[in-house]
Amino acid sequence: MIHDTVPGATRTQAQRTAATRGKLLDAAVESLVEQGYAGISTQGIATRAGVSRGAQLHHFPTKESLVVAAIEHLVEKRLHEILESDPDPEYGFEALFDAFSGPLFDAALELWVAARTDPSLHAAMIPLERKVSDALRTGCLEIMGDRVSPDIIDLAIELARGFAVSALMRTPESDREFRERLLPVWKALVSK
């Protein structure tokens with residue numbers, strides 16, 4: 001992601017802090033997607049972000065705090081983008097399934113797998129996963145209103161997550177066909 005600056009303008013400390021954090025968070029997501037959790041280091045992320053190791057440590061003292069904050073940052077950004085696009089309530093489930101794709105899902109999946117065997121990452125991921133689920137639920141309710149119950153939304157979130165994981169083993173074409181075949185079945189079941 002490119003961070004805009006105005007040449008010659010003096011930035012406040014808060015603006016400099018936000019810019020540094022943004023660079024680190026973007027670099028962390030890119031690194032997770034490209035290298036996986038096991039392959040990244042905070043030093044590598046700082047280098048990629050173009051910030052000093054000291055600045056990285058000031059903002060994010062541990063690898064876990066940095067990658068969890070990066071996913072949280074991306075979730076908030078992605079939810080905002082989805083809601084700003086003002087999706088048609090008839091396509092609310094499609095918007096939900098779309099949320100489980102791209103760099104956000106790839107980076108989150110890296111953390112889920114790593115958290116299975118890393119107790120400190122697992123502990124850091126628990127509050128993040130609650131926030132992600134709450135954000136997804138809130139977004140779905142905002143898009144679909146009272147057309148479906150909260151329980152149906154929770155089931156749809158789990159279904160979308162499962163679709164996204166299994167999509168890793170399909171080609172984009174076969175995944176599209178699979179989704180086009182099964183999503184209408186799901187919608188018909190919950191619309192009764």
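Scroll up to find the structure this text is about.
Residues numbered from 1 in each chain as written. Predicted model: local features only at pLDDT ≥ 70, side-chain atom pairs only at ≥ 80, totals over all residues. Heavy atoms only, no water.

## A few points about the overall build of the protein chain
Piece 1. Helix and strand counts for the protein chain come out as 9 helices and 0 strands.
Piece 2. Going from N to C terminus, the protein chain has its helices and strands arranged as α-α-α-α-α-α-α-α-α.
Piece 3. The dimensions of the protein chain, computed from C-alpha atoms along their principal axes, are 55 × 40 × 30 Å.
Piece 4. Looking at the protein chain as a whole, 39% of its 192 residues qualify as buried.
Piece 5. Sequence-distant contacts in the protein chain: of pairs separated by 6 or more residues, those separated by 24 or more amount to 70%.
Piece 6. Per element, the accessible surface of the protein chain, about 10900 Å² overall, is 57% carbon and sulfur.
Piece 7. Side chains of the protein chain carry 21 positive and 28 negative charges; the gap between the two charge centres is 5 Å. (Helix = DSSP H or I, 4+ residues; strand = E, 2+ residues; numbered from the N terminus. Buried < 20%, exposed > 50% of the residue type's maximum accessible area, 1.4 Å probe, protein only. Contact = heavy atoms within 4.5 Å. Areas by Shrake-Rupley, 256 points an atom, 1.4 Å probe, with all protein chains shown as cover. Lys, Arg positive; Asp, Glu negative; His and termini not counted. Charge placed at Lys NZ, Arg CZ, Asp CG, Glu CD.)

## Comments concerning the environment of Phe163
Piece 1. Position of Phe163 relative to the elements: it lies in helix H8 (residues 150-167).
Piece 2. C-alpha of Phe163 to C-alpha of Phe100: the two residues are 63 residues apart in sequence and 8.5 Å apart in space.
Piece 3. Apart from residues no more than four positions distant in its own chain, Phe163 is found in contact with Phe97, Arg170, Phe178, Arg179 and Leu182.

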